[in-house]
Amino acid sequence: MTTNLQSESSSSNGSKRRLIEDQFSNALKMSYEGDEGNQLETNVADEREMLKYEREQFEQEKKAFEMSFQKAAMFHSSEPIVLDIGGRRFSTTIDTLTRDRDTFFGAFFSGNIPLKPCKDGSFFIDRDGTHFHYILNYLRTGEWIIPQNEPHTNKMLLLEVEFYQIPALINELGGKTKMREPFFKSTILQDKPEFSEILNEWAGCENDQKWKLIYKGSRDSFKASAFHKLCDNQGPTYTLAKSGNNIFGGYTPISWSSPEIASGKGRYQSNTDSFLFSLVNPYNIPPIKLANT
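From a predicted model like this one, the values you see are computed outputs, not experimental measurements.

Draft legend 1. Local environment of the side chain of T96. Among the structural elements, T96 can be located in helix 2 (residues 94–97). A relative accessible area of 11% means that T96 is categorised as buried. Among the polar contacts listed, one links the side chain of T96 to the side chain of T93, at a separation of 3.1 Å. Residue contacts for T96: discarding those within four places in its chain leaves L136, L139 and R140.

Right under this line is the structure:
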């Protein structure tokens, strides 16, 4: 009897133990499944945030594109326009004026500079228009035809072609050959050869080191996507900026790279040879290379 009772008691305890184990196992399973569910919700939330970020980026790009399109529609490149050069009026097209994108007109009609025509629809440029027809005919035909043996005319023309930044005509008129300058086509460093020498020295280059202009905000757009499209994987670069009369920037011997597509975040790289600098500042401090700390 006792044995049987003990036997029944053992059986009962075993059943209770199995029941507790089953309940504990189910509890662990539920907890595990709950953790999985939480992780899934976290992943979904992250994906939702990423989609939201990408949508915002898309909307910004779309808006920028639409604005550019509107500007292009406003100034259709093959439609006649009127330039008012110091009171003298010239009819031409944007196609003609921007045949060479690296000139004054390439930047002027790039769409990156806010333009507001005069009330009569013309575009005013505050220069002497006396000899501008020579320049315009060159842009139309590629032929440089000017009066011979007129030193005064040539001197006046040189002033104008230097303003409009047309290298071929500067060379023709015996001006400073911009092609020989270390930072050719840099409007920030034009007529500042002493800065070119300093920048080459800071970068550890020979004085005759030439630098190629690969990006110009007023010409190529100030959007980050335009910058990276033209500047990524280009090797050592100088970045120059001008605010008012102040000139400053930075140098890096390593290539720029675009943000990671997956995260939309940029990557930072460390390099002891990179530095910031100031060439012109409001405190009249001479050109200075800032220590890399």
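Still to come is the rest of the account.
Draft legend 2. Highlighting the packing of aromatic side chains. Evaluated as defined, the whole model comprises 24 aromatic pairs. A centroid spacing of 6.2 Å and a plane angle of 65° characterise the contact between F105 and F132, whose relative ring orientation is edge-to-face. Separated by 27 residues along the polypeptide, F105 in helix 3 (residues 104–108) and F132 in helix 4 (residues 132–141) bring together distant segments of the chain. For the pair F105 and F132, one class covers both residues: buried. Ring centres of W211 and Y251 lie 6.4 Å apart, and the angle between their planes is 85°; on these two criteria the pair is classed as edge-to-face. Placement of the pair is W211 in the loop between helix 7 (193–202) and helix 8 (217–220) and Y251 in strand 5 (residues 246–252), with a sequence separation of 40 residues. On the basis of relative accessible area, W211 is assigned to the buried category, the value being 15%. Taken together, the ring pairs in this structure connect F90, F104, F105, F108, F109, F123, F132, F163 and Y164 into an aromatic cluster. The cationic tip of R127 hangs over the ring face of F163; the distance from NZ or CZ to the ring centre is 4.2 Å. Stacked on the ring of F275, the Lys or Arg K289 has its end atom at 4.6 Å from the ring centre.

Draft legend 3. Geometry of the pattern of salt bridges. Taken as a whole and judged by the stated rule, the model has 3 salt bridges. The residue R127 makes a salt bridge to E160 at a minimum N-O spacing of 3.1 Å. On the criterion of sequence distance, the pair formed by R127 in the loop between strand 3 (123–125) and helix 4 and E160 in helix 5 (residues 151–164) is long-range, its members being 33 residues apart. Overall, the relative accessible area of 8% leaves E160 in the buried class. Here R219 makes a salt bridge to D220, at a shortest N to O gap of 2.9 Å. There is no split in this pair, since R219 and D220 are both buried.

Draft legend 4. Geometry of the pairing of strand 6 (residues 275–280). Bridge analysis of strand 5 against strand 6 gives 5 bridges, and the strand direction is antiparallel. The residue of strand 6 that forms the bridge with G250 is L276.

Draft legend 5. Region of the structure containing the sheet that holds strand 4 (residues 237–243). Sheet architecture is open: 4 strands sit in the order 4-5-6-7, paired in antiparallel fashion. Each having just a single partner strand, strand 4 and strand 7 (288–289) make up the two edges of the open sheet. Pairing of strand 4 with strand 5 involves 7 bridges; the strand directions are antiparallel. What sits directly across from T239, in strand 5, is G250. Where helix 7 meets the sheet, it contacts strand 4, strand 6 and strand 7, and its direction lies at approximately 165° from that of strand 6.

Quick notes on the rules
- Residues numbered from 1 in each chain as written.
- Predicted model: local features only at pLDDT ≥ 70, side-chain atom pairs only at ≥ 80, totals over all residues.
- Heavy atoms only, no water.
- Helix = DSSP H or I, 4+ residues; strand = E, 2+ residues; numbered from the N terminus.
- Buried < 20%, exposed > 50% of the residue type's maximum accessible area, 1.4 Å probe, protein only.
- Polar contact = N/O pair within 3.5 Å; in protein donor to acceptor, adjacent residues only side chain to side chain.
- Contact = heavy atoms within 4.5 Å.
- Phe/Tyr/Trp six-rings, centres within 6.5 Å; stacked < 30°, edge-to-face > 60°.
- Lys NZ or Arg CZ within 6 Å of the ring centre and 35° of its normal.
- Salt bridge = Lys/Arg side-chain N within 4 Å of Asp/Glu carboxyl O.
- Pairing = 2+ DSSP bridges.
- Axes fitted to C-alpha atoms, helices over the stretch in contact; angles between N-to-C directions.

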